[in-house]
Amino acid sequence: MSFTPSTAVRGPLNLVNVTLEYPDGEGTIKALDAVDLTVQAGQMISLVGPSGSGKSSLLAAAATLIRPTHGLVMIDGTDATGLADKDLTALRREKIGIIFQQPNLLASLTAAEQLIIGDHLRGKAVKAARARAAELLDIVGLSSCADKRPHQLSGGQRQRVNIARALMGDPRILLVDEPTAALDHERSDSIVRLLRRVTDDFMVATVMVTHDTEFVPLTDAVATMRDGKLTAPVLTAA
Ligand code: ADP
Ligand code: MG
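Keep in mind it's a predicted model, so treat the numbers as computed, not measured. (Residues numbered from 1 in each chain as written. Chains lettered and ligands numbered in written order. Predicted model: local features only at pLDDT ≥ 70, side-chain atom pairs only at ≥ 80, totals over all residues. Heavy atoms only, no water.)

Novice: Would you mind showing me how to read the nonpolar core here?
Specialist: Nonpolar side chains tend to gather and get buried jointly when the protein is soluble and globular. I99, L115, L137, V161, I163, L174 and L195 are the most contacted members of the largest nonpolar core, which has 33 residues in total. When contributions to this core are tallied by element, the ones reaching two or more residues are α4 (111-121), α5 (126-139), α6 (155-167), β7 (173-177) and α7 (185-202). Excluding anything up to four places from it in sequence, L195 contacts M44, I99, I163, L174, V176, P179 and M208. Counting residues in each nonpolar core, the second largest holds 31 residues, with V39, A63, A205 and V209 among its members. (Core = buried A, V, L, I, M, F, W, Y, C linked by side-chain atoms within 4.5 Å. Buried < 20%, exposed > 50% of the residue type's maximum accessible area, 1.4 Å probe, protein only. Helix = DSSP H or I, 4+ residues; strand = E, 2+ residues; numbered from the N terminus. Contact = heavy atoms within 4.5 Å.)

Spelled out as structure tokens, the structure:
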């Protein structure tokens, strides 16, 4: 008999007792202090808290970009902290979509190419990638922008390309750090609504760091970071 971890119970993303220390002169800074967090498929959690409280560190640990000092980072039932770098990279590409504040698009590539290059790194066929890229650009409202380069797009459109790119690998988890920090109110609202829609439609587990509590009601629950400690998520009134 083989043992398959029950992701239905634990969710695609499950952090267990995660502590992260950075070296700091003679000592260390505890950026994450015994953090527990479970996010279910189709669930969107807001992560709030003051600057320096550890929000980006939590996303980096969940993204498997940083190995925690202690604790487990379970990605769709696999403990990422036990994997070799090569396997970790493969797991990340397969399961996790990452959306940071700055879209970091490549200046010389069109919107469609920004998406296709990621699939190339995943070793997928270019033809299928082209079709999927067109589909995703349509989903994020950019079907007419497929051949535009970043300088021909607005800030909001660039963030939409970023979101579509993060969805290219059909991730189970979306990690989003201050997606609206560079946008005006109206564009911020439409970006958070788009993230809500893709969370529902693709059944991903989404964590969104936001400084703007106005958008919290669009998410299912809000968790607060303070000095590296995370409160249990509080359900938002629907
Ligand atoms: P937030 O995103 O909530 O502003 P961060 O996760 O960026 O918080 O930072 C949490 C703490 O960890 C802060 O004290 C910050 O100075 C520290 N920190 C973040 N990244 C590093 C790093 N690469 N090296 C050392 N300290 C860091
Ligand atoms: Mg941050």
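Having put the structure on the table, let's press on.
Novice: Explain the pattern of salt bridges here, please?
Specialist: All chains considered together, the criterion is met by 10 salt bridges. Where K95 meets E94, a salt bridge forms, and the shortest distance between an N and an O atom there is 4.0 Å. For D220, the salt bridge goes to R196, with nearest N and O atoms at 3.1 Å. In this pair, D220 sits in the loop between β8 (205-209) and β9 (221-226) while R196 sits in helix α7, placing the two residues 24 residues apart along the sequence. Residue classification places D220 among the partly exposed residues on the basis of a relative accessible area of 26%. (Salt bridge = Lys/Arg side-chain N within 4 Å of Asp/Glu carboxyl O.)

Novice: Looking at this structure, I do not really get the side chain of D119. What am I missing?
Specialist: You can see D119 is positioned in helix α4. Overall, the relative accessible area of 5% leaves D119 in the buried class.

Novice: Quick question: what am I supposed to make of the packing of α4 against α6 here?
Specialist: For any two helices packed against each other, the geometry is given by the interaxial angle and the distance between the axes. Look at α4 against α6: their axes get within 9 Å of each other, and the N-to-C directions meet at 25°. With respect to their mutual orientation, α4 and α6 come out roughly parallel. In this structure, α4 crosses over α6, and the sense of that crossing is right-handed. Taking contact as the criterion, the partners of A111, Q114 and L115 in α4 are, on α6, V161, A164 and R165. Residues that form the contact of α4 with α6 fall into these classes: 4 nonpolar, 1 polar and 1 charged. (Axes fitted to C-alpha atoms, helices over the stretch in contact; angles between N-to-C directions. Parallel < 35°, antiparallel > 145°, perpendicular 65-115°, else oblique. Left-handed = near helix turned anticlockwise from the far one by under 90°. Nonpolar A, V, L, I, M, F, W, Y, C, P; charged D, E, K, R; others polar.)

Everything listed is a geometric property; what it means functionally is a separate question.
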